[in-house]
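For reference, the chains in residue letters:
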Amino acid sequence: MSNAPIVLLLSGVNLNLLGDREPEIYGTSTLADHVATATAAAEAHGLTIEHLQSNAESELVDAIHGARRRCAAIIFNPGAFTHYAWSLHDALAAFDGPIIELHLSNPAAREEWRKTSVVAPVATGTIAGFGGDGYRLAVDAVATLLK
Ligand code: DQA
């Protein structure tokens with residue numbers, strides 16, 4: 001078994017439809033493509049990616065609880081949960097490693113309701129607006145923070 005630190009990559013609601021859903025905003029790459037990007041970047045840094053996608057807020061809360069004292073960092077694209085899911089805010093607040101909030105698009109440049117993030121106050125930092133490159137950038141940021 002590898003001793004590489006585990007980075008939990010979480011994908012929230014509707015992200016299972018990436019590649020097919022509003023490609024003019026989110027691109028044509030699938031979630032599997034983005035996970036592969038993150039996994040390759042993690043391997044280059046001696047890190048392991050563990051990925052979960054869920055459309056259920058409670059499953060994401062459980063995954064964050066399960067990461068406590070087990071995972072070194074969390075990279076999280078919550079989808080629309082970003083804008084209202086306070087249970088995810090509270091779960092993340094109880095995690096003691098770096099947390100990167102990640103978005104393909106730049107929510108700050110879109111509709112008003114997307115300009116609020118309930119995750120941002122408990123994130124170490126946010127990467128948004130770089131499309132699929134954001135997955136590599138997020139892993140690079142985690143690697144730097146864990147050094
Ligand atoms: C998103 C941005 C959110 O506002 C939206 O609800 C998503 C995707 C992004 O990656 O750009 O589902 O998180």
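Analysis parameters
Residues numbered from 1 in each chain as written. Predicted model: local features only at pLDDT ≥ 70, side-chain atom pairs only at ≥ 80, totals over all residues. Heavy atoms only, no water. Pairing = 2+ DSSP bridges. Helix = DSSP H or I, 4+ residues; strand = E, 2+ residues; numbered from the N terminus. Axes fitted to C-alpha atoms, helices over the stretch in contact; angles between N-to-C directions. Contact = heavy atoms within 4.5 Å. Phe/Tyr/Trp six-rings, centres within 6.5 Å; stacked < 30°, edge-to-face > 60°. Buried < 20%, exposed > 50% of the residue type's maximum accessible area, 1.4 Å probe, protein only. 1 Å grid on protein atoms, 1.4 Å probe; cavity = no way out; pocket = protein on both sides within 12 Å on 5 of 7 lines; lining within 4 Å. Points joined across faces, edges and corners; volume = space filled by probe spheres on them. Nonpolar A, V, L, I, M, F, W, Y, C, P; charged D, E, K, R; others polar. Polar contact = N/O pair within 3.5 Å; in protein donor to acceptor, adjacent residues only side chain to side chain. Core = buried A, V, L, I, M, F, W, Y, C linked by side-chain atoms within 4.5 Å.

Caption draft 1: Region of interest: the sheet that holds strand 5 (residues 125-128). Pairing is parallel in the open sheet, where five strands are placed in the order 2-1-3-4-5. Either end of the sheet is taken by a strand with one partner, and the two such strands are strand 2 (48-53) and strand 5. Pairs of neighbouring strands in the sheet enclose a mean axial angle of 20°, with direction left out of account. The sheet contacts of helix 3 (residues 57-67) involve strand 1 (6-13), strand 2 and strand 3 (73-79), and relative to strand 1 the element is tilted by about 170°.

Caption draft 2: Fine view of the packing of aromatic side chains. One pass over the full model with this rule turns up one aromatic pair. Aromatic side chains Phe-81 and Tyr-84 sit 6.1 Å apart centroid to centroid with 70° between the ring planes, which places their arrangement in the edge-to-face category. Classification of Phe-81 by relative accessible area gives buried; the value is 5%. Of the residues examined, Tyr-84 reaches a relative accessible area of 47% and is grouped as partly exposed.

Caption draft 3: Seen up close, the layout of surface pockets. A volume near 150 Å³ is recorded for the largest pocket. Lining the largest pocket are 13 residues, and of these Tyr-26, Gly-79, His-103, Arg-110 and Arg-114 sit closest to its centre. For the lining of the largest pocket, the per-class residue count stands at five nonpolar, five polar and three charged.

Caption draft 4: Quick look at the side chain of Ser-54. Following the sequence through the fold, Ser-54 ends up in the loop between strand 2 and helix 3. There is a polar contact of 3.1 Å between the side chain of Ser-54 and the side chain of Glu-59.

Caption draft 5: Quick peek at the nonpolar core. Within the largest apolar cluster, 23 residues are counted, with the highest numbers of intra-cluster contacts made by Val-7, Leu-9, Ile-49, Ile-75, Tyr-135, Val-139 and Val-142. Sorting the residues of this core by element identifies strand 1, helix 2 (31-44), strand 3, strand 4 (99-103) and helix 5 (133-146) as the ones contributing at least two each. If sequence neighbours within four positions are ignored, Val-139 has contacts with Ala-38, Ala-41, Ala-42, His-45, Ile-49 and Ile-75. In terms of nonpolar packing, the next biggest core, distinct from the first, is built from 22 residues, Leu-8, Leu-60, Cys-71 and Leu-92 among them.

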